[in-house]
Amino acid sequence: MLFSIYQHIITNVKDGIWIADQVTGENIITSASYRDLCGYSTDTKVTFQMWLDHIHPDDLEMVKSFLVLQKKGEHFEVEYRVVHPDGKVLWIRDHALPVREFGGRKLVGGVMTDITAVMNERSKFITENENLVEQVQRALEDYQSLFDNTPIGHHSLDQQGRFLKVNQTLLN
């Protein structure tokens, strides 16, 4: 009964579920969703090296640094990109934790979540923010140019009436 509930969960969740040997990295269990997230057919037995080969080259060293934690039996969470065989790129959040020793093997398990939509929105937000910063910078430059180059004398005062800014026309 308990196994059938487990089987139902692992088969139907969108997140990829995996269990691996903590020392060798060999995948013992990978859910269909895990294989789908990595870009494999559902009947493919995914090896550790296959998984590594599909990590985006710009993220590979960072992921490898987290694997050191995995081998020590430590919990970690990491975000990285995987590149499917067809070139499609997904952002993954991989959450791993030590499971236990089983049959003489130390195991680690984890859940992979597709965060591509979140990362795309984050990227869009960052781009929009950078554009706004550029617009404000241009507006400040335009104001400064108008202030400096107007033929009429201008000045700015603080709340105590002290000069903060004076253009050259006013000084002449």
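Note: the structure precedes this text.
Not measured: the values here are computed from a predicted model.

Definitions and cut-offs
- Residues numbered from 1 in each chain as written.
- Predicted model: local features only at pLDDT ≥ 70, side-chain atom pairs only at ≥ 80, totals over all residues.
- Heavy atoms only, no water.
- Helix = DSSP H or I, 4+ residues; strand = E, 2+ residues; numbered from the N terminus.
- Rg over C-alpha atoms; globule rule 2.2 N^0.38 Å.
- Contact = heavy atoms within 4.5 Å.
- Areas by Shrake-Rupley, 256 points an atom, 1.4 Å probe, with all protein chains shown as cover.
- Lys, Arg positive; Asp, Glu negative; His and termini not counted.
- Charge placed at Lys NZ, Arg CZ, Asp CG, Glu CD.
- Patch = residues over 30% accessible without salt bridge, like charges linked within 9 Å, V, L, I, M, F, W, Y side chains within 5 Å.
- Salt bridge = Lys/Arg side-chain N within 4 Å of Asp/Glu carboxyl O.
- 1 Å grid on protein atoms, 1.4 Å probe; cavity = no way out; pocket = protein on both sides within 12 Å on 5 of 7 lines; lining within 4 Å.
- Points joined across faces, edges and corners; volume = space filled by probe spheres on them.
- Nonpolar A, V, L, I, M, F, W, Y, C, P; charged D, E, K, R; others polar.
- Buried < 20%, exposed > 50% of the residue type's maximum accessible area, 1.4 Å probe, protein only.
- Core = buried A, V, L, I, M, F, W, Y, C linked by side-chain atoms within 4.5 Å.
- Polar contact = N/O pair within 3.5 Å; in protein donor to acceptor, adjacent residues only side chain to side chain.

Visitor: Explanation requested: the overall build of the protein in the structure shown.
Guide: The secondary structure content of the protein amounts to six helices and seven strands. Traced from its N-terminal end to its C-terminal end, the protein shows the element sequence α-β-β-α-α-α-β-β-β-α-β-β-α. Relative to its length of 172 residues, the protein is extended, with a C-alpha radius of gyration of 28 Å against a globular reference of 16 Å. Taken along its principal axes, the extent of the C-alpha atoms in the protein is 90 × 35 × 30 Å. Of the contacts made within the protein by residues no fewer than 6 positions apart, 33% connect residues no fewer than 24 positions apart. Working note: accessible area of the protein is about 11,500 Å², and carbon and sulfur atoms make up 58% of it. Taking the 17 positively charged and 24 negatively charged side chains of the protein as two groups, their mean positions are separated by 5 Å.

Visitor: How should I be thinking about a nonpolar patch on the surface in this particular structure?
Guide: The grouping of L157, F163, V166, L170 and L171 at the surface amounts to a nonpolar patch, some 470 Å² of accessible area in total. Those elements that provide at least two residues to the nonpolar patch are β7 (163-166) and α6 (168-171). The topology assignment puts L171 in helix α6.

Visitor: Could you clarify how one ought to interpret empty space enclosed by the protein in this entry?
Guide: Where empty space is left in the structure can be found by rolling a water-sized probe over the atoms. Following the criterion strictly, the structure yields two cavities of 30 Å³ or more and no others. Of the volumes computed, that of the largest cavity is approximately 130 Å³. W18, F48, W51, L67 and Q70 are the residues nearest the centre of the largest cavity, which is lined by 13 residues in total. Examining the composition of the lining of the largest cavity, we find that three residues originate from one element, helix α4 (residues 60-71), more than from any other. Estimated volume of the second largest cavity: approximately 40 Å³. Every residue lining the second largest cavity is listed: D21, Q22, T24, G25, F48, L67, Q70 and K71. Residues belonging to the lining of the second largest cavity are distributed by class as follows: two nonpolar, four polar and two charged.

Visitor: I tried to follow the environment of H75 on my own but got confused; where do I start?
Guide: Here H75 is to be found in the loop between α4 and β3 (76-83). Residue classification places H75 among the partly exposed positions, given a relative accessible area of 47%. Residues H75 and E128, spaced 53 residues apart in sequence, show a C-alpha to C-alpha distance of 35 Å. For H75, the contacting residues outside a window of four places in its chain are H95, A96, L97 and P98.

Visitor: Even after reading the chapter, I still don't get the nonpolar core, so can you show me in this structure?
Guide: One recurring pattern in soluble globular proteins is that nonpolar side chains are buried together. Judged by nonpolar contacts, the single largest core of 21 residues is most densely connected at W18, Y34, W51, Y80, I92 and M112. For this core, the secondary structure elements donating two or more residues are β1 (16-21), α2 (32-38), α3 (48-53), α4, β3, β4 (89-102) and β5 (105-114). By residue number, the principal contributor to this core is β3, which donates four residues. Excluding its chain neighbours within four sequence positions, the residues that come into contact with W51 are Y34, C38, Y40, V46, V63, L67, Y80, D94 and M112.

Visitor: Just to check I follow, could you spell out the side chain of D94 for this structure?
Guide: Following the sequence through the fold, D94 ends up in strand β4. No salt bridge is formed by the buried D94; its nearest oppositely charged neighbour, R93, is found at 9.7 Å. Polar side-chain contacts of D94 include one of 2.7 Å to the side chain of Y80. Once you skip the residues sitting within four places of it in the chain, D94 turns out to touch W18, W51, F76, E77, V78, Y80, V111 and M112.

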